[in-house]
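Geometric and topological summary
Okay, here's what each chain looks like letter by letter:
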Amino acid sequence: MERPNPAAEAPRSALPPVRRLKTPVMLAYGFGAVAYGVKDFGFLTFLLLFYNQVVHLPAEQVGFAIMCALFLDAFIDPAIGVLSDRTRSRWGRRHPWMYGAALPIAIGWWLLWNPPAGSHGLQLAWLFATAVIVRTAVSAFEVPSQALSPELTADYDERTRIMAYRYLFGWGGGMAMMMAAYGWFLAPGPGQEAGQFSRGGYPGFAIGGAALMALAILTSAIGTHGEIRRLPRADVAKKPRGETFRDFWQTISNRAFLTLMGAALCYYSAQGISFSLSNYLYAHVWRMEGSDYLWMSLVLLAGAATAFVIAPRVARRIGKPRAAMGFMIAAALLLATPYVLRLVGFFPEPGNPVLFPLLFAIFYFNTSCSVSSTILGASMLADVVEYSEMDTGRRSEGVFFAGSFFIQKCTSGLGIFGSGLIVLLTHFPTGALPGTVPKAALDELTLAFIALYLGLAMAAAWLYSRFPFGKAEHEARVARLAAATR
């Protein structure tokens, strides 16, 4: 006797219910973001440093190789979004992709941090190929997983809560790897001031990251598996290829979607530059050592946890667009402050006991604001699904979140490329140890960093302010769609 298909046990609406999720489901769904947190932390914080300062490849060539991988992402991410929207299986639309991504991510991550000995050309080719493997595998999980968020509930405020959990775990995963990297895998050995400049710890770093990402993906897929029978089902008719492309173009031409993608392009570019230069700034400008990195990891994690609490509350009070704009402006000003004050001689110098408490306090508030802004941006993107459905008659969760994820990956590559150019143009010496870089080079690096970061972040804030609708419009739209379904 054939077992019943859980995805077809009862008729379901294409509109998700307005409901509050159970805590175990929320935790399992959010925990999946640990995988992206680990990947993002590794790419943005260590990849340029590793291939430039450890493998000794020119910074601009490393940045260029990473950016070249983006050309494939321009096709891969939208394709995964469309295919995920159109997938039909007894495990629903999203879960087959989520389960299938775990092993390729783990293998690709290990290969990325273990390049073979050989010429610069061979090692650059290795970097390009393994970066493509990791990016593709991450897309195969992250795009369907993020597309699941607007399917779990249509409630305006509950979607912010979902994204708060997701970003909390994403940052938690990144900070967990940061603490493990600085405190264990890349801890300084005898006669070393900074272990991240030594190759010996990177194989362990690769294995630890691969295991954590695979665990997060499988936990999330298994923990949300029971929701498959409750998810909305949108029937998809077969269409000629030309009509499919016209539908796709109509979907991504949505005004609200383009506004959010512009904001994301600016903000994640700023974040990519900040993260890629962080090891240069921490080690050479602020002269961090050993336990300083562990304390900083805890500070950043505390900032993300604060965002988990304050982002939903502020959004309920003043609305998502205004809250996202305010948080973004505050984050930009906070991060730039210590670097500007240092340049004009009003910030404590390395060795001053006040330096790190003051610096960490600023980093805490900056992280709280920047994570709050990204939580609200993701929550607004979930609301775009119904905004688009009113115009097109289609639910396109996979397409929208594929676009968002492509922007994030694109800007991380642009951030690494931009950081490589900054390192080149400021004549920053390759393989330099902390304390040996001329002050003029440090000042030029700092100036270039704060100018780019402030300009991009303020542009993101302005775009958030242009988002076209709020809670009242969303709830009226959901009510109309529910009435039409009935």
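Rules used in this analysis
Residues numbered from 1 in each chain as written. Predicted model: local features only at pLDDT ≥ 70, side-chain atom pairs only at ≥ 80, totals over all residues. Heavy atoms only, no water. Salt bridge = Lys/Arg side-chain N within 4 Å of Asp/Glu carboxyl O. Helix = DSSP H or I, 4+ residues; strand = E, 2+ residues; numbered from the N terminus. Buried < 20%, exposed > 50% of the residue type's maximum accessible area, 1.4 Å probe, protein only. Contact = heavy atoms within 4.5 Å. Axes fitted to C-alpha atoms, helices over the stretch in contact; angles between N-to-C directions. Parallel < 35°, antiparallel > 145°, perpendicular 65-115°, else oblique. Left-handed = near helix turned anticlockwise from the far one by under 90°. Nonpolar A, V, L, I, M, F, W, Y, C, P; charged D, E, K, R; others polar. Phe/Tyr/Trp six-rings, centres within 6.5 Å; stacked < 30°, edge-to-face > 60°. Lys NZ or Arg CZ within 6 Å of the ring centre and 35° of its normal. 1 Å grid on protein atoms, 1.4 Å probe; cavity = no way out; pocket = protein on both sides within 12 Å on 5 of 7 lines; lining within 4 Å. Points joined across faces, edges and corners; volume = space filled by probe spheres on them. Expected span 1.5 Å × (residues − 1). Bend = angle between axes of the 7 residues up to and from the residue.

1. Remarks on the pattern of salt bridges
Enumeration over the complete set of coordinates arrives at 20 salt bridges. A salt bridge links K320 to D383; the nearest nitrogen and oxygen atoms lie 2.7 Å apart. Taken together, the residues span a long stretch of sequence, with K320 in helix α13 (residues 320–343) and D383 in helix α14 (residues 355–392) at a distance of 63 residues. Bridged by salt links that share partners, the residues D85, R93, R94, E151, R159, K320, D383, E386, E389, R395 and E397 form one connected network.

2. Quick look at the environment of L47
Tracing the backbone through its elements, the reader meets L47 in helix α2 (residues 33–54). Assessed through its relative accessible area of 0%, L47 is described here as buried. Considering only alpha carbons, one finds L47 and L447, 400 residues apart in sequence, at a separation of 23 Å. Not counting residues up to four positions away in its chain, the partners in contact with L47 are G42, I66, L112, W113 and L127.

3. Some points on the packing of helix α8 (residues 156–185) against helix α9 (residues 202–223)
Where α8 contacts α9, the two axes come as close as 11 Å, and the packing angle between them is 150 degrees. Viewed along their axes, α8 and α9 adopt a mutual orientation that is roughly antiparallel. For the element pair α8 and α9, the recorded crossing hand is right-handed. Seen from α8, the contacting residues are M177, A181 and F185; seen from α9, they are G204, F205, G208, G209 and L212. Along the lines of polarity and charge, the residues of the contact of α8 with α9 split into 5 nonpolar, 3 polar and no charged.

4. A short note on the packing of aromatic side chains
Remark: the centre distance and the inter-plane angle together describe each pair of aromatic rings, the angle taken between the planes. Per the counting criterion, the structure on display carries 30 aromatic pairs. Centre to centre, the rings of F50 and Y51 are 5.0 Å apart; their planes meet at 85 degrees, and the pair counts as edge-to-face. Grouping residues by exposure puts F50 and Y51 together as buried. An angle of 70 degrees between the planes, with centres 4.9 Å apart, marks the rings of Y364 and F365 as edge-to-face. Exposure remark for Y364: the relative accessible area of 24% places this residue in the partly exposed category. Following the ring pairs from residue to residue traces out a cluster consisting of F41, F43, F46, F50, Y51, W109, W113, Y182, Y202, F205 and Y293. Above the ring of F43, the side-chain terminus of K39 is found at 4.6 Å from the ring centroid. Residue placement shows R166 over the ring face of Y29; its charged tip is 4.8 Å from the ring centre.

5. Section: empty space enclosed by the protein
Evaluated as defined, the whole model comprises 3 cavities of 30 Å³ or more. Volume-wise, the largest cavity comes out at about 630 Å³. As for the largest cavity, its lining consists of 36 residues, of which D40, W171, Y267, Q271 and F275 are closest to the centre. Counting only elements with at least two residues in the lining of the largest cavity, the list comes to α2, α6 (120–147), α8, α11 (255–285), α13, α14 and α16 (439–465). Grouping the amino acids of the lining of the largest cavity by side-chain chemistry returns 20 nonpolar, 13 polar and 3 charged. Here the second largest cavity defines a volume of roughly 140 Å³. What lines the second largest cavity is a set of 15 residues, and nearest its centre among them are A264, Y268, G377, A378 and S404. Of all the elements in the fold, those that place two or more residues in the lining of the second largest cavity are α11, α14 and α15 (397–425). Counting residues per element, the lining of the second largest cavity draws most heavily on α11, at 5 residues. Residue composition of the lining of the second largest cavity, by class: 10 nonpolar, 5 polar and no charged.

6. A look at the side chain of R342
Topologically, R342 is positioned in helix α13. Assessed through its relative accessible area of 15%, R342 is described here as buried. The residues contacting R342, other than those within four sequence positions of it, are V285, W286, F347, L442, D443 and T446.

7. Details of helix α5 (residues 102–112)
Along α5, the residues that are buried comprise A102, I105, A106, G108, W109 and L112. Those residues of α5 that are buried are in contact with α2, α4 (95–100), α6 and α9.

8. Thoughts on α14
Here α14 spans 55 Å end to end across 38 residues, near enough to the 56 Å set by a 1.5 Å rise per residue. The largest bend along α14 reaches roughly 25 degrees and is located at D383. Looking one or two places after α14, you find G393, whose phi comes out positive at around 75 degrees.

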